[in-house]
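# Secondary and tertiary structure notes
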Amino acid sequence: MNGHFIFKHFDLNDEGFINKQDFIVIMVTVTPWEVKGNIDYDKLIKDFGVEKLDENLIKRIEKHAGEVHHMIRRNIFFAHRDMKFILDEYEKGNKFFLYTGRAPSGDTHLGHLVPWLFTKWLQDKFDVELLFQFPDEEKVLFKKDLTFEEVEKHLYENMLDVIALDFDPKKTKFLIDTKHADLMYKEACKVAKHITFSTAKGAFGFENDTNLGAIFYTAMQAVPAFLPSVLAKKEIPCLIPHAIDQDPHFRVSRDVIPKLGHYKPASIQCRFLPGLGGMSEDGKMSSSAASTTTVFTTDDAKTVKKKINKYAFSGGQVTVEDHRKLGGNPDIDVSYQWLTFFEEDDAKLKQIYDDYKSGKLLSGELKAILIEKLNGFLSEHQKKREEAKKKIDQYILKV
Ligand code: TRP
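The structure reproduced in this document is the subject of the present report. (Residues numbered from 1 in each chain as written. Predicted model: local features only at pLDDT ≥ 70, side-chain atom pairs only at ≥ 80, totals over all residues. Heavy atoms only, no water.)

Here we take up the overall build of the chain. Counting its secondary structure elements, the chain contains 19 helices and seven strands. Burial status across the chain gives 53% buried among its 399 residues. Here the analysis covers contacts within the chain between residues at least 6 apart in sequence; of these, 79% occur between residues at least 24 apart. Carbon together with sulfur atoms contributes 53% to the accessible area of the chain, which is approximately 17900 Å² in total. (Helix = DSSP H or I, 4+ residues; strand = E, 2+ residues; numbered from the N terminus. Buried < 20%, exposed > 50% of the residue type's maximum accessible area, 1.4 Å probe, protein only. Contact = heavy atoms within 4.5 Å. Areas by Shrake-Rupley, 256 points an atom, 1.4 Å probe, with all protein chains shown as cover.)

Listed below in structure tokens is the structure:
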């Protein structure tokens, strides 16, 4: 058994959620080779109220896509709500649209790219439209010292990262909350009217000193899930790829949206790219924890090399001698974990796993593999990011 499940059993907190620490520990210790049929994993899904992405669904996705994305194969995208509905409709010729987003609040790091890369794959394989929301008010409302002026800069930079992933400009539209407020506000009010403070409190843990804007915000995040239907005057199914932390927004709005006459949006969820420091803190790669736990999309090759070598938590032995004798532990090794996200080739990854475990591959060598992989990707990405500066206007939604 390679997947070390530290908590065989975990408790739910007052709101009925699994405690964050327990959740993160379980999520990041799942390895590509050990996830199947694990009871704790299944329980996690049940407690969250999402469904497992099972064999049957994966086969159906494969039938249309012609392949299974490595993030599905490795359980990085591991859960969903109503995927069956999306595929049923798709097979009847009723295409869905994709919806995802990013609240501009800082520089883009590799963790942000995980759901976006997958979304891009879905767009290509299913040939569907994407509505990408930039809720530029969200973090102004939720972060104490963040201003709209600062967010404006992050918005610009974040848009470049999305464009750099080569989303089809004809099929991809950016929705910016304060710029598209005229399109969104009335619809957000319709949503908000059906959500009580008590529901919002239960889902997000609001208190009496939470500001009004933060309480309202979830209504704004609900709108893109049905806005294309409003604009087209025709109901279009919606699929939302997102990291699991966004689920409370959609859990709440899924109950409301059908009351407004629209399809209940479906979703597909991924776990987090772990921070370089490993499973400490909250396990989610955070840009506010600054440069020691993250790799930004604008980091140059030297910086990436330095960060990985210096900060990536190693599952290797302390001495080369011990490592050769005892082998390393890829399951806790962050460089290896990152490769499960970014190295698409299963055979290559398996070789790395085996060689590291047997002691044939040293920690420094494993890190070098990751550094090469990331820098190859980033040098391309940074080129496309430059080109993206001329393209922004093509992506902004115009009605
Ligand atoms: N709330 C998300 C964030 O903090 C941004 C977001 C808006 C989003 N709409 C979304 C994320 C839909 C995923 C799917 O970045």
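Back to the write-up after that little detour.
Moving on to the pattern of salt bridges. The final tally for this structure, using the stated rule, is 28 salt bridges. For Arg-74, the salt bridge identified is with Asp-346, shortest N-O distance 2.6 Å. Highlighted residues: Arg-74 in the loop between α4 (70-73) and β2 (77-81) and Asp-346 in helix α17 (residues 346-358), separated in sequence by 272 residues. Salt bridges sharing common partners tie together Arg-60, Lys-63, Lys-84, Asp-88 and Glu-91. (Salt bridge = Lys/Arg side-chain N within 4 Å of Asp/Glu carboxyl O.)

Ranked by size, the top nonpolar core spans 75 residues in total, and within it Leu-110, Phe-126, Leu-239, Ile-308 and Trp-338 carry the most contacts. At eight residues, helix α6 (residues 110-126) tops the list of elements feeding residues into this core. Counting the residues that make up this core, at least three belong to each of domain 1 (40-276) and domain 2 (299-388). Setting aside residues up to four positions removed in sequence, Leu-239 forms contacts with Met-83, Ile-86, Phe-96, Phe-97, Leu-98, Tyr-99, Leu-122, Ala-266, Ser-267 and Ile-268. Core analysis: the second largest hydrophobic core is formed by 27 residues, Ala-200, Ala-219, Ala-222 and Val-256 among them. (Core = buried A, V, L, I, M, F, W, Y, C linked by side-chain atoms within 4.5 Å. Domains from an automatic or database assignment.)

A separate point is the side chain of Lys-307. Mapped onto the fold, Lys-307 is located in helix α14 (residues 301-311). In terms of polar contacts, Lys-307 uses its side chain to reach the backbone carbonyl oxygen of Thr-294, at 2.9 Å. (Polar contact = N/O pair within 3.5 Å; in protein donor to acceptor, adjacent residues only side chain to side chain.)

A few words now on the site of the ligand. Taken together, 15 residues surround the ligand, and among them Tyr-99, Gln-133, Glu-138, Lys-139 and Gln-246 come closest. Separating a nitrogen atom of the ligand from a side-chain N or O atom of Glu-138 is a distance of 2.8 Å. Compared with its free state, where it exposes 370 Å², the ligand has 92% of that area covered by protein. Mapped by element, the contributors of at least two residues to the shell around the ligand are β3 (97-101), α7 (138-142), α11 (212-222) and β6 (238-243). Sort the elements by how many residues they give to the shell around the ligand and β3 lands first, with three residues. (Near = heavy atom within 4 Å.)

Across the sheet, which stays open at both edges, the seven strands sit in the order β1-β2-β7-β6-β3-β4-β5 with mixed pairing between neighbours. On the outer flanks of this sheet lie β1 (51-52) and β5 (172-176), each paired with one strand and no other. Bridge count between β2 and strand β7 (residues 266-270): four bridges; the pairing is antiparallel. The partner of Ala-79 across the bridge, within β7, is Gln-269. Packing of α6 onto the sheet brings it into contact with β2, β3, β4 (130-134), β5, β6 and β7, and relative to β3 it is tilted by some 165°. (Pairing = 2+ DSSP bridges. Axes fitted to C-alpha atoms, helices over the stretch in contact; angles between N-to-C directions.)

In the contact formed by helix α16 (residues 334-342) and α17, the axes pass within 10 Å of each other and the chain directions differ by 170°. Classified by the interaxial angle, the pair formed by α16 and α17 is roughly antiparallel. Between α16 and α17, the contacting residues are Tyr-336, Leu-339 and Thr-340 on the first element and Leu-349, Ile-352 and Tyr-353 on the second. Taken together, the residues of the contact of α16 with α17 break down into five nonpolar, one polar and no charged. (Parallel < 35°, antiparallel > 145°, perpendicular 65-115°, else oblique. Nonpolar A, V, L, I, M, F, W, Y, C, P; charged D, E, K, R; others polar.)

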